[in-house]
Amino acid sequence: MNRRFALGVALILSMAGSAGAQNWPAKPVTMIVPFAAGTTSDVIGRSLAEYLSEKIGQNVVIDNRGGAGGNIGALAVAKAAPDGYTLLLATTGPAATNKLMYKSLGFDPQSDFAPIALIGKSPVIIVAKMEGQVKSLRDLIDAAKAKPETLSAGYPGNGTLGHITGLLLQDRAGVKMNQAQYRGSSQIMTDLLGGHIDVGMDSMSGYIPTIKDGKLRALAIGSSTRWPGLPDTPTVSEAGLPDFEATVWYALLAPKGAPADIVQRLNVVTNDYLKTDKAKALFADIGFQAAGGSPGDLKAFVDAEIAKWAPVIKGANISF
């Protein structure tokens, strides 16, 4: 009798969950962006949220919760009810690499989220000051080999993707450079323009106007293919380091346990968004490469990113 009762309760709960998913969304959906308003994450999140609102018939509201490298916003989503009403517009850090650096993260990106879709990637770019001997990635590697630890490389902060890209580059090329840590891209650009550092490694979007104005030299980008906006800039692989990829990527996630049909619906709508003229125009403007794919594709991608960066971060003893 007890067993029949338990089975009956389980069936009722299952039917209730299914009905809730079928009625979704019955109220506005919150998309947490774990960075401040005006950042690339925010711009992409707002554009996607507007499209989702049109397609699912409810407002998708952006909630900016910055801090701790994106961990504050990510933790809020990890602890939220898995009912499809709280989503995370995640980046590489909170969705993957922060796990390798932060001692008290509060969540596990590989087990506490339901993957929805990989939105796209913004390649890390290697840029150099216009004056000087470094006019290509090969020049940079040759100069660093000839005089170890004399060239200076600027990064947008300890543990950022620009920083760990620099570490990976030095490891793969067998060179050593002086490291200059900054608080964001603008300070790197200022010192490059002033000739105070030799190269910078950072997310590409903020550097495009200055490169196109001829004030900075683009040496290579960390994507698997060239970006049409800078067609003469080779990939790092083309420039001499095969199979090298380093990108800041953006993904849509939900709390673990979110109903599969809601996840699938959001996946379809997100993939549709990536094909729109609005998305294509925005991405072309900010140096962003659309991705897409299934929830399973995103999970495999996150796992591969963590596996790729783990030895680099461990080797550099980066921890917070």
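Residues numbered from 1 in each chain as written. Predicted model: local features only at pLDDT ≥ 70, side-chain atom pairs only at ≥ 80, totals over all residues. Heavy atoms only, no water.

Asker: Describe unusual backbone geometry, listing the residues and the values that go with them.
Answerer: Between Trp24 and Pro25 the backbone carries a cis peptide bond, its omega angle lying at -5°. Checked against the element boundaries, Pro25 lands in the loop between α1 (2-22) and β1 (29-33). One non-glycine residue, Glu149, lies in positive phi territory at about 60°. Topologically, Glu149 is positioned in the loop between α5 (137-146) and β5 (152-155). Even without glycine at this site, Asn317 takes up a positive phi of about 55°. (Helix = DSSP H or I, 4+ residues; strand = E, 2+ residues; numbered from the N terminus.)

Asker: Outline the pattern of salt bridges, supporting the account with residue identities and numerical values.
Answerer: The full count for this structure, using the stated rule, is 10 salt bridges. Salt-bridge contacts for Asp42 lead to Arg46; the nearest nitrogen and oxygen are separated by 2.8 Å. Separated by 4 residues within a single helix, Asp42 and Arg46 lie in helix α2 (residues 40-56), roughly one turn from each other. Exposure remark for Asp42: the relative accessible area of 5% places this residue in the buried category. Exposure remark for Arg46: the relative accessible area of 39% places this residue in the partly exposed category. Two residues, Lys278 and Glu50, come together in a salt bridge whose shortest N-O distance is 2.6 Å. Separated by 228 residues along the polypeptide, Lys278 in helix α10 (residues 277-286) and Glu50 in helix α2 bring together distant segments of the chain. Glu50 sits in the partly exposed class, given a relative accessible area of 42%. (Salt bridge = Lys/Arg side-chain N within 4 Å of Asp/Glu carboxyl O. Buried < 20%, exposed > 50% of the residue type's maximum accessible area, 1.4 Å probe, protein only.)

Asker: Quick rundown of the nonpolar core? Include the residues and the values.
Answerer: One recurring pattern in soluble globular proteins is that nonpolar side chains are buried together. The biggest cluster of nonpolar side chains holds 69 residues, and the ones touching the most others in it are Ile119 and Leu140. It is strand β4 (residues 113-129) that provides the largest number of residues to this core, a total of 7 residues. Counting residues in hydrophobic clusters, the runner-up holds 19 residues, among them Ala74, Ala78, Ala95 and Ala251. (Core = buried A, V, L, I, M, F, W, Y, C linked by side-chain atoms within 4.5 Å.)

Asker: Explain the pairing of β4 to me, and be specific about the residues and the numbers.
Answerer: Burial within β4 is extensive, with 16 of its 17 residues counted as buried. Bridge count for β4 against strand β9 (residues 247-255) is 9 bridges, and the pairing is antiparallel. Bridge assignment links Ala114 to a residue of β9, and that residue is Ala254. Both β4 and strand β10 (residues 289-290) contribute to a ladder of 2 bridges, which runs antiparallel. Counterpart to Gly120 in the pairing with β10 is Ala290. Where β4 meets strand β7 (residues 199-203), 5 bridges bridge the pair, whose relative direction is antiparallel. Residue pairing in the sheet places Ile126 in a bridge with Met201 of β7. Sheet analysis places β4 next to strand β8 (residues 216-221), joined by 5 bridges and oriented antiparallel. (Pairing = 2+ DSSP bridges.)

Asker: Now, about the side chain of Thr270: what can you tell me, with residues and values included?
Answerer: Looking at where Thr270 falls in the secondary structure, it is placed in helix α9 (residues 260-274). The exposure class assigned to Thr270 is buried, which follows from its relative accessible area of 0%. Apart from the residues within four sequence positions on either side, Thr270 is in contact with Leu48, Leu52, Ala117, Ile119 and Leu252. (Contact = heavy atoms within 4.5 Å.)

Asker: An account of the packing of α2 against α10 is requested, with residue identities and associated values reported.
Answerer: Packing of α2 against α10 leaves a shortest axis separation of 11 Å and a crossing angle of 175°. One finds that α2 runs roughly antiparallel with respect to α10. Residues Thr40, Val43, Ile44, Ser47 and Glu50 of α2 lie in contact with α10, whose contacting residues are Lys278, Leu282 and Ile286. Each residue belonging to the contact of α2 with α10 can be placed in one class, and the counts come to 4 nonpolar, 2 polar and 2 charged. (Axes fitted to C-alpha atoms, helices over the stretch in contact; angles between N-to-C directions. Parallel < 35°, antiparallel > 145°, perpendicular 65-115°, else oblique. Nonpolar A, V, L, I, M, F, W, Y, C, P; charged D, E, K, R; others polar.)

Asker: Could you give an account of α10, with specific residues and numbers?
Answerer: Residues Ala279, Leu282, Phe283 and Ile286 constitute the buried set of α10. Down the axis of α10, the buried side of the element spans an arc of 95°, and every buried residue falls inside it. Exposed residues lying more than 90 degrees from the buried face of α10 are Asp277 and Asp285. Positive backbone phi, at 70°, marks Gly287, one or two positions downstream of α10. (Arc of directions from axis to C-beta.)

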